[in-house]
Amino acid sequence: MSISVDIEKNLGVFRLDVHFSAGNEVIALLGASGCGKSMTLKCIAGIERPDRGRIVVNDVTLFDSEKGINLTPQQRHTGLLFQNYALFPNMTVLQNIRAGARRERDAEKRASITEDIIKSFGLTELVKRYPHQLSGGQQQRVALARILVSDPGVLLLDEPFSALDSHLRFRLEQEVREIIRGFGKSVVLVSHDRDEVFRLSDKIAVMHNGAVEICGEKKEVFARPGTRNAATLTGCKNISPIRKLGQRRVLALDWNMELETAEDVGDAACVGIRMHDLRPEDGCNSFSCQVAEEIENPFSYTVMLKTAGSERTIGWETDKETWRQLRGRFDRICLPPEAIILLKG
Amino acid sequence: MDLFPLWNSLRIAGISTVIIFFVGIFAAYYIAKAPRAVKGVLDVILTLPLVLPPTVVGYLLLRVLGPKRPIGAWFLSVFDVKLTMTWWSAIFATVIVIFPLMYRTARGAFESFDETLAYSGKSIGLSNTYIFWRIRLPYCRQGILAGTVLAFARALGEYGATSMIAGYTPGRTATISTTVYQLWRTNDDNLAFRWVMVNMAISFVVLLAVNMLEKKARRTGKEKGGGRDVDFG
């Protein structure tokens, strides 16, 4: 079970140029809204036609511009879950799920798979309801049931939680994780939420302006995002342009800090450091600083720091207890070399 | 009171509405999907009968269907059928006059359709035919019904083009509207007034139905939309 995508499409504002592949796992397309993630899913599902390229799912070629292959959406067997779930408003839950089972020609079998999926999704009580009588979470469950009963070869999830209230998201995310595990084939998840992506996926492809900037194992992508955009999207909030001073030595221009790095600088143009990776201590890469602002979060503090001669502040996130003890006598911050992320422009 | 004009008006309007129900829906469906330039041109042409005087429509129809004109003459020689001055000749006139009403309301309904429903239907394997009849049409039901009723009402009131192509023959081609004119012309004010009341009553009921359908369409439209924004990024 696998998916491999390599497509190009002119979108007017920018070119979509996406290539990634994944096996029996969850691959997330992480990117800001409007970067072409949803368009990529539509190309895989056959709703949009790429200008060039190839899409292969489970060894079946869905699209190949050179060989002139372009299967219809119906022939592709891709289970596409829309942000708004796209339940048919004129049909009950039961009718919606039955519609998903119509590929099965044998009537008895069709009835039994419909019944099975309704039971396993816990929808028995809701079968007679119409979509507008369901909560957002219930709608999502029905939509997923309708997709899975159609026996898709790949699952495509387009921002599956964006239509939900935040308190519902976490619980539904667990439900979806369970469903994905049971699915056992490739899953492509589109999202702009790095936490969601980290929890749900195995692999991540970071997209910016239609192109995949980096694609790899999720932990690797979070540790070495490689580009400034990818670092921002994976939640790195401290980023500064640099001037190279030595093989492992740079000047961070925004913060006016001379930093040692754990890896060779190479042709990096920026450095980044995650807010929780800073340390309030002496040592390598430590600087005296002043508190420019402290921001209280529900369970932590974000302290904005300024060093002498710097243009911008650098943010440090710390737990409440630590900050309560340090507040007032705090004057030094350390950027451990191994926490410094080297980035291309 | 001879009720033939009422019956004749109803059958002409009824048949025209059935024809235009299908023609209007299919025209609306395909034109809603057409490229912008094609859409613009076809839109103007297809809406023209709405603003043209009915006498102009009648004149153009006679130019084509009259016994000495190309199509009219062909039918006369091959099938021995005269296309004008029969009760069903009026159907040609009403069909053309009411087409824009059906077409425009149906197109408006189709354009409000949430395409993600069709996309997700396709990706779970539903055929385009199934999607059209079982998802798209039901979704646009209220708008299309309103258009149908409006078209029917307009067909009942057609006068100009009908009188030119079907004429006024009592008991054969007379409709309510041509009867009112004829009765007024012959000073039968009493009877003319009665037919006017009949016509008003029918129109009143029909417009009431249109209003109710439109209100219902707005209500269900809100439920369907669910107030969610969809990001196509």
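Since we're looking at a predicted model, the values are computed, not measured.

Undergrad: Run through the sheet that holds strand β20 (residues 341-343) of chain A, naming residues and quoting values.
TA: The strands that make up a sheet pair up through hydrogen bonds in the backbone, lying either parallel or antiparallel. Residue and element names in this part refer to chain A. Taken in spatial order, the five strands make up an open sheet running β14-β13-β12-β15-β20, and their pairing is antiparallel. Pairing within the sheet leaves two strands with one partner each, and these edge strands are β14 (257-260) and β20. Taking the axes of each pair of neighbouring strands and ignoring which way they run, one obtains an average angle of 40° across the sheet. Of the strand pairs in this sheet, strand β12 (residues 238-246) and strand β15 (residues 270-273) are connected by four bridges, and their pairing is antiparallel. Of the residues in β15, the one forming a bridge with Asn-238 is Ile-273.

Undergrad: Could you give an account of the pairing of strand β7 (residues 78-81) of chain A, with specific residues and numbers?
TA: Residues and elements named next belong to chain A. Alternating residues of β7 divide into Thr-78 and Leu-80 and Gly-79 and Leu-81, and every residue in both groups is buried. In this structure, β7 lies alongside strand β8 (residues 154-158), joined through four bridges in parallel fashion. Opposite Leu-80, over in β8, you have Leu-156 as the bridge partner.

Undergrad: Any chance you could break down the interface of chain B and chain A for me, citing the residues and the numbers?
TA: Contact with chain B, which involves 26 residues of that partner, is made by 32 residues of chain A. In this assembly, chain B packs against chain A so that about 2,500 Å² is buried in total across both faces, 59% of it on carbon and sulfur atoms. Applying the counting rule to chain B against chain A returns eight residue pairs in polar contact (both at pLDDT 80 or more). Among the secondary structure elements, those contributing two or more residues to the side of chain B that touches chain A are α6 (115-123), α7 (128-139) and α11 (189-225) of chain B. At seven residues, α6(B) tops the list of elements feeding residues into the side of chain B that touches chain A. Looking at the side of chain B that touches chain A, its residues break down into 10 nonpolar, eight polar and eight charged.

Undergrad: Quick rundown of unusual backbone geometry? Include the residues and the values.
TA: All names here are of chain A. Even without being a glycine, Asn-58 presents a positive backbone phi close to 45°. The residue Asn-256 is not glycine, and still its phi comes out positive at about 50°. Mapping Asn-256 onto the fold places it in the loop between β13 (249-252) and β14.

Undergrad: Would you mind going over the packing of aromatic side chains in detail, with residue names and values included?
TA: All names here are of chain B. With the rule as written, the count across this model stands at 21 aromatic pairs over all chains. For the ring pair Tyr-29 and Tyr-30, a centre distance of 5.0 Å and an interplane angle of 70° mean the geometry is edge-to-face. Given a relative accessible area of 14%, Tyr-29 falls into the buried group. Residues Tyr-29 and Phe-110 carry aromatic rings whose centres are separated by 5.9 Å and whose planes lie at 65° to one another, so their mutual orientation is edge-to-face. Of the two residues, Tyr-29 is situated in helix α1 (residues 4-33) and Phe-110 in helix α5 (residues 89-111); the sequence distance between them amounts to 81 residues.

Undergrad: Tell me about the nonpolar core, and name the residues and values.
TA: Judged by nonpolar contacts, the single largest core of 120 residues is most densely connected at A:Ile97, A:Leu157, A:Val188, B:Phe110 and B:Ile135. Excluding anything up to four places from it in sequence, A:Leu157 contacts A:Leu41, A:Leu81, A:Leu144, A:Val176, A:Ile180, A:Val187, A:Val188, A:Leu189 and A:Val190.

Undergrad: How would you sum up a nonpolar patch on the surface? Please name residues and give values.
TA: Residue and element names in this part refer to chain B. There is a patch of nonpolar side chains on the surface, built from Val-18, Phe-22, Phe-26, Tyr-30 and Trp-133 and spanning about 510 Å² of accessible area. Here the element with the most residues in the nonpolar patch is α1; it accounts for four residues. Relative to the helices and strands, Trp-133 is located in helix α7.

Rules of the game
- Residues numbered from 1 in each chain as written.
- Chains lettered and ligands numbered in written order.
- Predicted model: local features only at pLDDT ≥ 70, side-chain atom pairs only at ≥ 80, totals over all residues.
- Heavy atoms only, no water.
- Pairing = 2+ DSSP bridges.
- Helix = DSSP H or I, 4+ residues; strand = E, 2+ residues; numbered from the N terminus.
- Axes fitted to C-alpha atoms, helices over the stretch in contact; angles between N-to-C directions.
- Buried < 20%, exposed > 50% of the residue type's maximum accessible area, 1.4 Å probe, protein only.
- Contact = heavy atoms within 4.5 Å.
- Buried area = accessible area lost by both parts, 1.4 Å probe.
- Polar contact = N/O pair within 3.5 Å; in protein donor to acceptor, adjacent residues only side chain to side chain.
- Nonpolar A, V, L, I, M, F, W, Y, C, P; charged D, E, K, R; others polar.
- Phe/Tyr/Trp six-rings, centres within 6.5 Å; stacked < 30°, edge-to-face > 60°.
- Core = buried A, V, L, I, M, F, W, Y, C linked by side-chain atoms within 4.5 Å.
- Patch = residues over 30% accessible without salt bridge, like charges linked within 9 Å, V, L, I, M, F, W, Y side chains within 5 Å.
- Areas by Shrake-Rupley, 256 points an atom, 1.4 Å probe, with all protein chains shown as cover.
- Salt bridge = Lys/Arg side-chain N within 4 Å of Asp/Glu carboxyl O.

In short, the description is geometric, and any link to function would need to be established separately.
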